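An overview of the molecular structure
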Amino acid sequence: MNDLAFKLASDARLFTHALWIDQGLDKLAPLSDVEIDMLEFMANVKANRRCVLGFRGIGKTHIVSALCCYRLLRDPNREILLISKSQPEAKKTLGLIRKWIGSVPFLRHLVPSALRCRLGGFPRAALLALCGLAPLAAWASLAVIAPAEDARRTPRDVVHVLGRTVPGATAQVAGVAVPVQTTGVFVRDGVPLVAGTNAVPVQVMLPDGRVLSETLQIERVAPPPPPPPLPAKPLQIDAASLLPRQPLRLPPGEWVELAMRASPGQLAEARLHDGPWQRLVESPAGSGQYRGRLKLAGPNDRPDAAVTYRLSPPANARASRPASRAAPRRVEAQSPASVALWHPDTVRRVQVTAEQADLTWGLHEVRLGGPNVAEVPRGTALQAVAQVGDRLRLQLADDLVAYGPVAAFEPLPPGLAPRRPVVTTASVEGGPEGDVITLPWPAPWPYAVRAVMPVEGDPRLGPAALEVELFGTHPAATWITHRSSRQLVREVNVHPSGAGRVVFRAVLGGPPLWGWQVERTPQALRIRLRPPPPSAATEAPLRGLTVAVEAGHGGPENLGAVGATRVPEKDVNRWTADALMAELQAAGARVVDIRVGDEALTLGERAARVTASGADVFISIHANAVDPAGGYLRGAGTGMFVKHSSSQPLAEALQQRMLQATGLPDLGVIGNFNYAPIRRVTAMPSVLVELAYLSNPVEEALLLDPAVRQRMVRALRDGLEDHLRQLPQPARQLPHRRTGP
């Protein structure tokens, strides 16, 4: 190895293997010794996370080096550093790499979306970092990661400084000592800034006593002023300011918000179709910002049409003009999106053509799509009463609407509204896999199923009832059969839940409800209620249990969160899931790996695999993150996330053990979480585990420590065992048969 490369690797203490290539144009061959060395080097470092490569001169050797590096970069768990002799050489090599790779057809798929170059750092050496999906830091003994050089002008009164050195060093940011994590990362949130240029010194002392420093020049600037008003003459309308910006199809009586930025102090009006002009109000006066509302009305449907805006001088300005002057000029513009009137007398039936459609309560933008009303399968027919952007408003019942994606539906042929179904009978009976509730509910009509926790009593025993809500009907059941073979259900009763909807409520007694699964037939709903799995012995409650484990995210595009070390969340999840499966197998459980290796799966595919596995428990492994704009340390803690209340007792047991094992802050058990796999998997307790915050350098260091991850997976195993042990003993001896392979 070249002395410089050895010095770099030694000083940084970040790289486990190194290879220096000192080869020029005179040593090129179809397959040179250097290339063979490179292939052997790749094999040797396959299991390692950090590598360093050096090169000198420009030739085929260097291109092969870059290709090898890029292959390693396809696994973002690698950190690759290419060391060049000079900046011009680095830039020339980078251009050659781009040109050469792009010219070879069978290599084009390897070309990253962007090749980024980062130069500087070490004396007499320029650092060139090639990256595929995200930039990689070319770390030396001191590197400031954030704020980046192009983000050192800010209107904020504080700056958050993130850097990296070597483990065992000490660090100061703006004169304040900050801890250096085992990863070498250090951070100081909230360094105060004054107006103008701020010198923020960053200093580290390496374990050998050397001191390195860098002074950041952070400029605090004034917030950008609001855009000035448009000139009064000539009259102007800012077309980009006009509302609406998304298509609207609304019933009579609803309002359309109007807005326009235009020349100030003028008469602003708007209208739809051939309706009257609606005056807009300028607020504040002289700002050129005009707003108003337009109420839809009419006895019939009206087609899609843009809102027409008009701007003209006010009446007093027209009156003061000399008679000889020409009439004042008016300007008009049209909204970028259209508005239509959907009259309620017109029946608009739509049918789900996607595998399923997720219905939500409203249009608000919240995490993971918003509170979920129901998931309606393919073939379900609903009445559409409005459209807002890419969402349909669907009439579930006389007093209840929900919203679903336009892309999931297709219109049915026009006609009269179909006759509403009624349910006059219901039944519940036991079987080898639990109880089965049968409701004669025809396939095209929507429904929703939910578990209800007890108001009083021990919540660890799970839900007190399971409710099946039917939309578009009324109470008509006069015959509910309760067969003596049932095990979980004490009684099924029925009551109206609103105008045009009915709830069948299965009151539970005896064994706790472990999960449920809905089977749809053309003429009926069959809901299978599942009892807890049996356990061979209290000492080994996991023996014979099947646990489905999902490593969150995955694939070349879905990295998840990425922390200061650039290790992606998908890898942390993968390592933890592998360790958890080994831990569970050691305790006698059977495990199912839902995302094998680095597979890229959709959320629907993950949920389907879990259900098909016939597992008894589903655990999804993730690492948390927050936007660092508010500080790198503000997100902290471990937590459990569930959608259905039947999963909450298990989540509580897991959380208690995780807190004991890690000492991390308590995020708690978060209910009604909308992550699709835990929402769709109802046949078993389903919990999403947020181990810790990858965006927090302190917790990132814990997540990258195999010993800490092992403590975490042991805590998850202990929590699962605790939950099984606290189940009523008779319930754990019920017959049990898996529904999957």
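Please refer to the structure higher up on the page.
A few points on the structure. (Residues numbered from 1 in each chain as written. Predicted model: local features only at pLDDT ≥ 70, side-chain atom pairs only at ≥ 80, totals over all residues. Heavy atoms only, no water.)

1. Concerning the overall build of the chain
Stated precisely, the cut-off is as follows: The numbering of helices and of strands both runs from the N terminus, where a helix is a DSSP run of H or I of at least 4 residues and a strand a run of E of at least 2. Accessibility here uses a 1.4 Å probe with only protein chains present; expressed as a share of the type maximum, an area under 20% marks a residue as buried, one over 50% as exposed, and anything in between as partly exposed. Residues are treated as being in contact if the distance between any of their heavy atoms lies within 4.5 Å. We get accessible surface area from the Shrake-Rupley algorithm with a probe of 1.4 Å; when it comes to residues, only the shown protein chains can shield them.
The number of helices and strands found in the chain is 11 helices and 43 strands. Per-residue burial for the chain yields a buried fraction of 51% across its 741 residues. Put simply, of all contacts in the chain between residues at least 6 apart along the chain, 70% involve residues at least 24 apart. Accessible surface computed for the chain: about 33000 Å², of which carbon and sulfur atoms make up 54%.

2. Re the sheet that holds strand β31 (residues 447-452)
The line we're drawing: The rule for pairing is simple: two strands pair if DSSP sees at least two bridges between them. To obtain each axis, a line is fitted to C-alpha atoms, and for helices this fit is confined to the stretch in contact; angles are then taken between N-to-C directions over 0 to 180 degrees.
Pairing is antiparallel across the open sheet formed by four strands, whose spatial order is β31-β32-β35-β34. For this open sheet the edge positions go to β31 and β34 (489-498), each flanked by a neighbour on one side alone. Strand-to-strand, the axes of this sheet are offset by a mean angle of 20°, without reference to chain direction. Sheet topology places strand β32 (residues 465-471) next to strand β35 (residues 501-508); seven bridges connect them, and they run antiparallel. What sits directly across from Val 468, in β35, is Phe 504.

3. Points about the sheet that holds strand β5 (residues 143-146)
Think of a sheet as strands paired side by side through backbone hydrogen bonds, with each pair either parallel or antiparallel. In spatial order, the strands read β5-β7-β10; together these three strands make up an open sheet with antiparallel pairing. Pairing within the sheet leaves two strands with one partner each, and these edge strands are β5 and β10 (185-192). On average, each strand axis in the sheet is inclined to that of its neighbour by 30°, with strand direction left out of account. Here β5 runs beside strand β7 (residues 158-164); their pairing, made up of three bridges, is antiparallel. Its bridge partner lying in β7, Val 144 is registered against Gly 163.

4. Structural notes on the pattern of salt bridges
This is how the line gets drawn: Every case where a carboxyl oxygen of Asp or Glu lies within 4 Å of a side-chain nitrogen of Lys or Arg is listed as a salt bridge.
Applying the stated criterion across every chain, the model contains 33 salt bridges. The partner of Arg 249 in a salt bridge is Asp 304, with the nearest N and O atoms 2.8 Å apart. Within this pair, whereas Arg 249 is found in strand β14 (residues 248-250), its partner Asp 304 is found in strand β20 (residues 302-312), the two being separated by 55 residues in sequence. Residue classification places Arg 249 among the partly exposed residues on the basis of a relative accessible area of 25%. The exposure class of Asp 304 is partly exposed, given its relative accessible area of 39%. Lys 570 serves as the salt-bridge partner of Asp 598, at 2.9 Å between the closest nitrogen and oxygen. Of the two residues, Asp 598 sits in the loop between β39 (590-593) and α7 (603-613) while Lys 570 sits in helix α6 (residues 569-586), which places them 28 residues apart along the sequence.

5. Considering α7
Inclusion rule: Comment: arc refers to directions from the helix axis out to C-beta atoms.
All buried positions along α7 are accounted for by Arg 606, Ala 607, Val 610 and Ser 613. Down the axis of α7, the buried set is contained in an arc of 130°. They therefore lie on one face. In the core, the buried residues of α7 are packed alongside β38 (546-551), β39, β40 (617-624) and α9 (676-680). Just downstream of α7 lies Gly 614, where phi reads positive at about 65°.

6. Section: the nonpolar core
Threshold: In this text, buried Ala, Val, Leu, Ile, Met, Phe, Trp, Tyr and Cys residues form a nonpolar core when linked through side-chain atoms within 4.5 Å.
Core analysis: the largest hydrophobic core is formed by 58 residues, its most contacted members being Leu 584, Ile 621 and Leu 720. With seven residues, helix α11 (residues 706-725) is the largest single contributor of residues to this core. Other than its neighbours up to four places away in sequence, Leu 584 contacts Leu 542, Val 547, Val 549, Ala 589, Val 591, Arg 717 and Leu 720. Of all hydrophobic cores here, the second largest spans 28 residues; its members include Met 260, Ala 305, Ala 333 and Val 339.

7. As for α11
The cut-off we apply is this: Here the expected length of a helix is defined as 1.5 Å per residue gap, with one fewer gap than residues. Polar contact is defined as a pair of N or O atoms within 3.5 Å, subject to the rule that within protein one atom must be able to donate a hydrogen and the other to accept it, and that residues adjacent in sequence are counted only when both atoms are side-chain atoms.
The end-to-end C-alpha separation of α11 is 28 Å, in line with the 28 Å expected for 20 residues at 1.5 Å each. For α11, the side-chain oxygen to backbone nitrogen distance between the N-cap and Ala 707 is 2.9 Å, and the N-cap itself is Asp 705.

8. Some points on the environment of Ala 499
Mapping Ala 499 onto the fold places it in the loop between β34 and β35. Owing to a relative accessible area of 38%, Ala 499 belongs among the partly exposed residues under this scheme. When the C-alpha positions of Ala 499 and His 474 are compared, they lie 7.7 Å apart, and in sequence the two are 25 residues distant. Beyond its immediate stretch of four places on either side in the chain, Ala 499 contacts Ala 397, Asp 398 and Asp 399.

9. Some thoughts on the side chain of Ser 335
With respect to the helices and strands, the residue Ser 335 is situated in strand β21 (residues 331-341). In this structure the side chain of Ser 335 is engaged in a polar contact, spanning 2.7 Å, whose partner is the backbone oxygen of Ala 337. Beyond its immediate stretch of four places on either side in the chain, Ser 335 contacts Leu 242, Leu 243, Pro 244, Ala 306, Val 307 and Tyr 309.

10. Concerning the packing of aromatic side chains
Selection criterion: Any two of the Phe, Tyr and Trp rings considered here, Trp counted by its six-membered ring, make a pair once their centres fall within 6.5 Å; the pair's planes then place it as stacked at under 30 degrees, edge-to-face at over 60, or tilted in between. By definition here, charges over rings are those cases where NZ of Lys or CZ of Arg is within 6 Å of the ring centre and within 35 degrees of the ring normal.
Taken as a whole, this structure holds two aromatic pairs when the rule is applied. Residues Trp 441 and Trp 445 carry aromatic rings whose centres are separated by 6.5 Å and whose planes lie at 65° to one another, so their mutual orientation is edge-to-face. A relative accessible area of 12% places Trp 445 in the buried class. Of note, Arg 293 hangs over the ring of Trp 255, and the distance from its end group to the ring centre comes to 4.0 Å. Arg 349 extends its terminal NZ or CZ atom over the ring of Trp 445, reaching a point 5.2 Å from the ring centre.

11. A few points about unusual backbone geometry
Of note, the amide linkage connecting Lys 233 to Pro 234 takes the cis form, showing an omega dihedral of -10°. Following Leu 243, the chain continues into Pro 244 via a peptide bond in cis, with omega recorded as 0°. On the secondary structure map, Pro 244 appears in the loop between β13 (237-238) and β14. You will see that His 553, though not glycine, has its phi angle at about 65°, which is positive. With respect to the secondary-structure elements, His 553 resides in the loop between β38 and α6. Even without a glycine there, the phi angle at Asn 672 is positive, about 60°. In this structure, Asn 672 sits in the loop between β42 (666-670) and α9.

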